[in-house]
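# A closer look at the structure
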Amino acid sequence: MIRPQILWAEKPTQQTPWSDCCFQGACSPESWPSQDTAVPSATVPQGHVSEMKAMPWNWTCLLSHLLMVGMGSSTLLPRQPPPLPQKRPFVTFRGEPAESFNHLVVDERTGHIYVGAVNRIYKLSSDLKVLVTHQTGPDEDNPKCYPPRIVQTCNEPLTTTNNVNKMLLIDYKENRLIACGSLYQGICKLLRLEDLFKLGEPFHKKEHYLSGVNESGSVFGVIVSYSNLDDKLFIATAVDGKPEYFPTISSRKLTKNSEADGMFAYVFHDEFVASMIKIPSDTFTVIPDFDIYYVYGFSSGNFVYFLTLQPEMVSPPGSTTKEQVYTSKLVRLCKEDTAFNSYVEVPIGCERSGVEYRLLQAAYLSKAGAVLARTLGVRPEDDLLFTVFSKGQKRKMKSLDESALCIFILKQINDRIKERLQSCYRGEGTLDLAWLKVKDIPCSSALLTIDDNFCGLDMNAPLGVSEMVRGIPVFTEDRDRMTSVIAYVYKNHSLAFVGTKSGKLKKVPRHPGHFCSSWEPACFCPSCSLLSVCTWPPC
């Protein structure tokens, strides 16, 4: 586990431009981490809660387990050597000894920062002052106890176990924080945003156990909000070989009352159909260690999306034997689909100069902005996916250092899905979802109109797309693997910030007519945990 234990934020000033943003002042040599320090993939779940917006508060730099970039102001400088970085005052927040930070969310209304750590939830001010804490662990537990011991006696030996925060979401409508941990098969606390007072902790029904995987980042949640109805929570999680206990993807009720019996109940459930998908046990006979690893999640328009890594068996060219590889796939569901008939997944990847980049490392949803939109032939308000892939398909845990930053136009992915739906409902091909169906099932013909918002029927579902959608390569890195990405639009320009394996932060602006062929020349020192972003000069 990566164990960064410090948050940094620039001390508020009257105006703090991006060009002066730096980590630990001027990146003094004594503050440099080791070469093995990584900036891991961003794990802030997306939904209506995590869009990058202009904040009404005045902090600009922050790092917690992942790179986070605040919103300041900046001036584009003419072509000239960038000035030397100036030292600026910084404030620091350190967690408890041996305590890891796992997730971070920022209240877009107040600027308050919520940090999910091991055994603790923090609420911080925008200048990193501790406002309140809530302890979540440790406690006596055993991951083999199902149901957990707080429900019935467990015969497994109990040990003092840390509670690793696995999901942290702000429920704006009800002014509460949803904090899910690794204890007791992944139960969640609902905490009041103001003071982290516990409003509820449902644990007595199987629907309350969201994930038994004890790794941070194994769960993604997306909230779908309604004005006059209870909200929904889409949950996606690895199952760690326990598909009988945990669906890999599901939609749950978010009741107004935090102590309601129906909290986290499936949106729909009867004897035959439910708002969930489970991995069939037959799948494990083909791929014994099969699981779906969720890298990112968000909502857009009428759909909820998750980006995943999935193992599959393929035959190399010229070979009759199969080998296991990992494929990156985008999963799409209709927000209003209670039976999950709209489930579609499509493989995604990137290629540059004949090199395939297929292992997804990180992703972030952003708008195109006017400048990039003109080049791509889309509207400024269209959604783009900024993604980081590493080379190849074979090594999920030890990815190669060669990596690529790529852009996907979300509308193009949706168009490809629509084409696939139309062909399947003409009776062409098979459902092409090997992990779920194990064997090929032919598509069935039906006379109906499939438009952009088609949400499936109880036939030809769930459905897989066989042809990979390729992203637009922006930049490749051969030595310092890119591991995280964040992007936003500033003065009509689309800007991406990328974190690397060695802890560096690099910026990739997009200028009219071309992408940068190399990183922008930012002033930084080798091995700094976060680069000093001095200017945004043209390529």
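As shown above, the structure is provided for reference.
The following paragraphs examine the structure supplied in this document. All residue numbers refer to positions counted from 1 along the written sequence of the respective chain. Residue-level local features of this predicted model are given only where pLDDT is at least 70; pairs of side-chain atoms are given and counted only at 80 or more, and the full residue set underlies all totals for whole chains, interfaces and linings. By convention in this description, side-chain values take in all heavy atoms of the structure and omit both hydrogens and water.

### Considering the overall build of the protein chain
In this text, helices come from DSSP runs of H or I with a minimum length of four residues, and strands from runs of E with a minimum of two, each type numbered from the N-terminal end. Helix and strand counts for the protein chain come out as five helices and 32 strands. The long-range fraction of contacts in the protein chain, counting pairs at least 24 apart against all pairs at least 6 apart in sequence, stands at 62%. What sets the accessible areas is the Shrake-Rupley method with a 1.4 Å probe; for residues, cover comes only from the shown protein chains. Just so you have it, the protein chain exposes about 22,500 Å², and 51% of that area is on carbon and sulfur atoms. Residue contacts are defined here by distance: any two heavy atoms, one from each residue, within 4.5 Å place the two residues in contact.

### Considering the sheet that holds strand β17 (residues 249-254)
Here a strand pair is declared whenever DSSP counts at least two bridges between the two strands. Pairing within the open sheet is antiparallel, and its four strands lie in the order β15-β16-β17-β18. With partners counted over all chains shown, the strands left at the sheet margins are β15 (219-224) and β18 (276-277), one partner each. Two elements, β15 and strand β16 (residues 231-237), share six bridges in a ladder whose sense is antiparallel. Note that in β16 the partner of glycine 221 across the bridge is isoleucine 235.

### Considerations on the environment of lysine 491
Looking at the element boundaries, lysine 491 is found in the loop between β29 (482-490) and β30 (493-500). Buried means the residue's accessible area, taken with a 1.4 Å probe over protein chains only, is under 20% of the maximum for its type, while exposed means over 50%, and partly exposed covers the values in between. By relative accessible area, lysine 491 is classed as exposed at 59%. Remark: the alpha-carbon pair of lysine 491 and valine 371, spanning 120 residues in sequence, is separated by 9.2 Å.

### Notes on the state of the cysteines
Two cysteines form a disulfide when their sulfur atoms are joined by a covalent bond. Cysteine sulfur atoms are paired as a disulfide whenever they come within 2.5 Å of each other. Tallying each qualifying case throughout the model produces five disulfides. Across the disulfide, cysteine 350 is cross-linked to cysteine 406 (sulfur-sulfur distance 2.0 Å). Torsion about the S-S bond of the cysteine 350 and cysteine 406 cystine: about -105°, corresponding to left-handed handedness. One end of the pair, cysteine 350, is in strand β22 (residues 344-352); the other, cysteine 406, is in strand β25 (residues 403-409), with 56 residues separating them in the sequence. When sorted by exposure, cysteine 350 lands in the same class as cysteine 406, which is buried. Put simply, cysteine 424 and cysteine 443 are joined by a disulfide, and their sulfur atoms are 2.1 Å apart. Because the sign of the S-S torsion sets the handedness, a value of about -100° for the bond joining cysteine 424 and cysteine 443 places this disulfide among the left-handed ones. Linking cysteine 424 in helix α4 (residues 410-424) with cysteine 443 in the loop between α5 (434-437) and β26 (463-464), this pair joins segments that are 19 residues apart in sequence. Each member of the pair, cysteine 424 together with cysteine 443, is buried.

### Describing a nonpolar patch on the surface
Together, Ile150, Val151 and Phe203 make up an exposed nonpolar region whose accessible area comes to about 200 Å². Positionally, isoleucine 150 belongs in the loop between β9 (139-141) and β10 (159-161). Put simply, a patch holds well-exposed residues, over 30% relative accessible area, that have no salt bridge, with like charges counted together within 9 Å and Val, Leu, Ile, Met, Phe, Trp or Tyr side chains within 5 Å. Salt bridges are counted wherever a side-chain nitrogen of Lys or Arg sits within 4 Å of a carboxyl oxygen of Asp or Glu.

### Some thoughts on the nonpolar core
Buried residues of nine kinds, namely Ala, Val, Leu, Ile, Met, Phe, Trp, Tyr and Cys, make up a nonpolar core once their side-chain atoms join them within 4.5 Å. Membership of the largest hydrophobic core comes to 61 residues, with the highest contact counts inside it found for Leu330, Leu385 and Leu405. Ile187, Phe284, Tyr294 and Phe306 belong to the second largest nonpolar core, which has 29 residues in total.

### Here we look at the environment of leucine 376
Following the sequence through the fold, leucine 376 ends up in helix α3 (residues 369-376). Relative accessible area serves as the criterion here: at 18%, leucine 376 is assigned to the buried category. Spatially, the C-alpha atom of leucine 376 lies 9.8 Å from that of isoleucine 472, the residues being 96 residues apart in sequence. The contacts of leucine 376, once residues within four sequence positions are left out, are Leu384, Ile409 and Ile472.

### Digging into the pattern of salt bridges
Taken as a whole and judged by the stated rule, the model has 24 salt bridges. Residue aspartate 127 is joined to lysine 129 by a salt bridge in which the shortest nitrogen-to-oxygen separation is 3.0 Å. Residue lysine 173 pairs with aspartate 231 through a salt bridge whose shortest N-O separation is 3.0 Å. Here the residue lysine 173 occupies a position in the loop between β11 (165-171) and β12 (176-181), and aspartate 231 occupies one in strand β16, the gap between them amounting to 58 residues. Residue lysine 173 is classed as partly exposed on the basis of its relative accessible area, which comes to 31%.

### A closer look at the sheet that holds strand β13 (residues 188-192)
In any sheet, the strands associate via hydrogen bonds between backbone groups, in a parallel or an antiparallel arrangement. Here four strands make up an open sheet; going across it, the order is β11-β12-β13-β14 and the pairing antiparallel. Each edge of the sheet is formed by a strand with only one pairing partner; in this case those strands are β11 and β14 (198-200). Neighbour-to-neighbour, the strand axes of the sheet open up by a mean angle of 30°, direction not taken into account. Where β11 and β12 come together, six bridges link them in antiparallel fashion. Each bridged residue has a counterpart across the sheet, and for asparagine 165 the counterpart in β12 is glycine 181. Each axis is a line fitted through C-alpha atoms, taken for helices only over the stretch in contact, and angles between the N-to-C directions span 0 to 180 degrees.

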